Amino acid sequence: MTDAVAEPISLTRFLIEEKRAGRINPDLRLLVEVVARACKRISVAVGKGALGGVLGDAGTGNVQGEAQKKLDVIANDVLLEANAWGGHLAACASEEMDHCQPIPDAYPRGNYLLLFDPLDGSSNIDVNVGVGTIFSVLRCPEGVATVADADFLQPGTSQVAAGYCIYGPSTMLVLTIGHGTHAFTLDREQGSFVLTQKDMRVPEETKEFAINMSNQRHWEAPMQDYVRDLLAGREGPRGKDFNMRWIASMVADVHRILTRGGIFIYPWDRKDPTKAGKLRLMYEANPMSMLIEQAGGAATDGRGRILEIAPAQLHQRVPVFLGSKAEVAVATACHREHDAAQTAGPARNN
Ligand SMILES: O=P(O)(O)OC[C@H]1O[C@](O)(COP(=O)(O)O)[C@@H](O)[C@@H]1O
Ligand SMILES: [Mg+2]
Ligand SMILES: [Mg+2]
């Protein structure tokens with residue numbers, strides 16, 4: 001849990017103070033301001049709902065083979081356009097684009113790489129449930145003349161900033177620049193983000209888990225074991241009753257966990273064994289893991305720390321276990337013990 005701030009300040013003033021304290025440089029500060037401005041525009045588009053002609057399918061597909069919603073495309077265009085002229089970026093990469101998009105030669109170029117999931121929780125757009133934008137910032141490797149996808153393939157530990165904007169009953173920007181995780185609420189009358197939670201902390205222990213249970217039959221053995229113990233409640237080996245929540249917008253599920261704790265899980269499953277998971281490492285798992293770790297939580301792929309994964313592809317997928325530290329440790333230990341037993345024993349049973 002996190003206390004509300006005594007004297008709310010704007011995002012701009014917060015960033016100026018961080019700059020004075022030597023925690024952010026002018027270019028990164030500008031980049032965060034530009035992303036925040038773009039999120040305000042997306043918030044307006046999302047808020048129009050059925051009146052704005054923004055609901056429904058775009059009639060196109062993305063590189064992931066997923067049908068795009070109109071708002072996926074709108075949010076992607078808003079982020080690209082807002083960042084093109086800033087002078088702080090070398091290139092953008094998006095869940096919705098096949099390859100990265102370098103800043104054109106005619107435009108001022110900077111030294112950062114921006115990655116985003118422009119609209120997270122797309123399946124919730126048409127039913128008026130919270131959705132969001134997730135972003136991650138990396139440094140462009142030195143001496144790169146024309147940025148290529150390979151320049152983005154850096155582990156999550158290299159992120160210099162990460163955040164999300166949640167378009168819910170209120171619009172909130174949650175941000176880390178590597179010195180804690182902070183939440184800003186959009187004052188719609190003033191048009192500015194105001195710091196409302198400084199240094200968010202994820203409680204270490206929890207009694208709440210978030211998972212799409214309809215995939216249960218497709219999970220591997222350690223996942224089955226872990227969730228069976230949660231469901232057994234007070235009478236089971238965990239000795240306590242667990243509650244379940246699943247919004248199906250990662251942004252909204254993670255926001256709840258940052259606010260009151262819990263564990264969020266999207267494991268590998270056998271529905272499509274060629275995919276390493278559903279969620280994307282670069283646009284979803286890495287930025288969320290940095291935010292969660294900066295708030296005292298933990299994030300693994302069930303075996304190891306997500307932020308240390310060396311990416312091989314821009315659109316790489318990964319299993320995700322993140323949230324309250326002690327609970328992520330239990331889930332991860334369950335997988336590791338299973339792996340160890342498999343190595344020692346005669347045959348795999350999953
Ligand atoms: O449909 P499911 O299996 O519940 O999956 C929900 C998950 O998929 C996502 O919607 C994927 O994100 P996108 O909407 O950006 O593709 C996550 O936000 C969410 O956690
Ligand atoms: Mg997403
Ligand atoms: Mg998306």
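Residues numbered from 1 in each chain as written. Chains lettered and ligands numbered in written order. Predicted model: local features only at pLDDT ≥ 70, side-chain atom pairs only at ≥ 80, totals over all residues.

To keep it simple, the criterion reads: UniProt positions are given in the numbering used here, feature names are shortened, and annotations may be inferred rather than shown by experiment.
By the naming in an unreviewed UniProt entry, the protein goes by Fructose-1,6-bisphosphatase class 1 and is assigned to Cognatiluteimonas sedimenti. Of the protein, the UniProt comment under Sequence similarities (unreviewed entry) reads exactly: "Belongs to the FBPase class 1 family." You can read under Subunit (unreviewed entry) in the UniProt record for the protein the words "Homotetramer."

### Details of the overall build of the protein
Here is the rule we go by: Numbering of helices and strands starts at the N terminus; helices are DSSP runs of H or I of at least 4 residues and strands are runs of E of at least 2. Each radius of gyration reported is based on C-alpha atoms, and the globular scaling rule is 2.2 Å times the count of residues to the power 0.38. What counts as a contact here is a pair of residues whose C-beta atoms, placed from the backbone, lie within 7 Å.
Along its length, the protein carries 7 helices and 17 strands. For 350 residues, the compact-globule estimate of 2.2 N^0.38 gives 20 Å, and the C-alpha radius of gyration of the protein, at 20 Å, lies within 12% of that figure. The C-alpha extent of the protein, read off along each of the three principal axes, is 60 × 45 × 45 Å. If you take every contact in the protein between residues at least 6 apart in sequence, the share linking residues at least 24 apart comes to 65%.

### With respect to the UniProt feature "domain: Fructose-1-6-bisphosphatase class 1 C-terminal" (unreviewed entry) in the protein
Per the UniProt record, "domain: Fructose-1-6-bisphosphatase class 1 C-terminal" (unreviewed entry) is annotated on residues 202-335. Annotation note: span residues 202-335, helix share 35%, strand share 15%, distance between end C-alpha atoms 23 Å.

### A word on the UniProt feature "binding site: Mg(2+) 2" (unreviewed entry) in the protein
Here is the rule: To sort residues by burial, count the other C-beta atoms lying within 10 Å of each one's C-beta; a count of 20 or more means buried, 12 or fewer means exposed, and anything in between means partly exposed. C-beta atoms are built from the backbone.
When the UniProt feature table is mapped onto this chain numbering, "binding site: Mg(2+) 2" (unreviewed entry) sits at Asp 117, Asp 120 and Glu 284. The greatest C-alpha distance among the annotated residues, which extend across 168 residues, is 8.6 Å, indicating that they converge on a single site. Checked against the element boundaries, Asp 117 lands in strand 5 (residues 112-120). Overall, Asp 117 belongs to the buried group, with 28 C-beta atoms counted inside 10 Å. Apart from the residues lying within four places of it in its own chain, the contact partners of Asp 117 are Glu 95, Thr 133, Ile 134, Arg 280, Tyr 283 and Glu 284. Take Glu 284: it is sitting in helix 6 (residues 281-294). The residues touching Glu 284, leaving out its near neighbours within four places in the chain, are Asp 117, Asp 120, Ile 134, Met 250 and Leu 279.

### Points about the pairing of strand 1 (residues 57-61)
The following threshold applies: At least two DSSP bridges between two strands are required for those strands to pair.
Summarising burial for strand 1: 0 of the 5 residues are buried, a small minority. Here strand 1 runs beside strand 2 (residues 67-69); their pairing, made up of 2 bridges, is antiparallel. In the sheet register, Gly 61 faces strand 2, and the bridge partner there is Ala 67. Between the antiparallel neighbours strand 1 and strand 2 lie 5 residues, among them Gly 65 with a positive phi of about 80°.

### With respect to the site of ligand 1
The condition is simple: In this entry, near means the residue's backbone-placed C-beta atom lies within 6 Å of the molecule or strand. Throughout this entry, Asp, Glu, Lys and Arg are counted as charged residues, while Ala, Val, Leu, Ile, Met, Phe, Trp, Tyr, Cys and Pro are counted as nonpolar. The remaining residues, Gly among them, count as polar. Segmentation of the chain into domains, including their bounds, is taken from an automatic or database domain assignment.
By nearness alone, every residue bordering ligand 1 is listed as Glu 95, Asp 117, Asp 120, Gly 121, Ser 122, Ser 123, Asn 212, Ala 248, Ser 249, Met 250, Tyr 266 and Lys 278. Here the residues of the shell around ligand 1 sort into 3 nonpolar, 5 polar and 4 charged. If you count residues domain by domain, the shell around ligand 1 takes at least three from each of domain 1 (11-197) and domain 2 (208-342).

### What to know about the nonpolar core
To keep things clear, this is the line we draw: For the purposes of this analysis, a nonpolar core is taken to be any set of buried Ala, Val, Leu, Ile, Met, Phe, Trp, Tyr and Cys residues that are connected through C-beta atoms within 7 Å.
By size, the foremost hydrophobic cluster in this structure holds 98 residues, and its most contacted members are Leu 114, Leu 173 and Ile 265. For this core, the element with the most residues is helix 2 (residues 26-48), which contributes 10 residues. Among the domains, domain 1 (11-197) and domain 2 (208-342) are the pair contributing at least three residues each to this core. If we ignore the near neighbours within four places in the chain, the residues touching Leu 114 are Leu 31, Asn 83, Leu 89, Cys 92, Phe 135 and Val 137.

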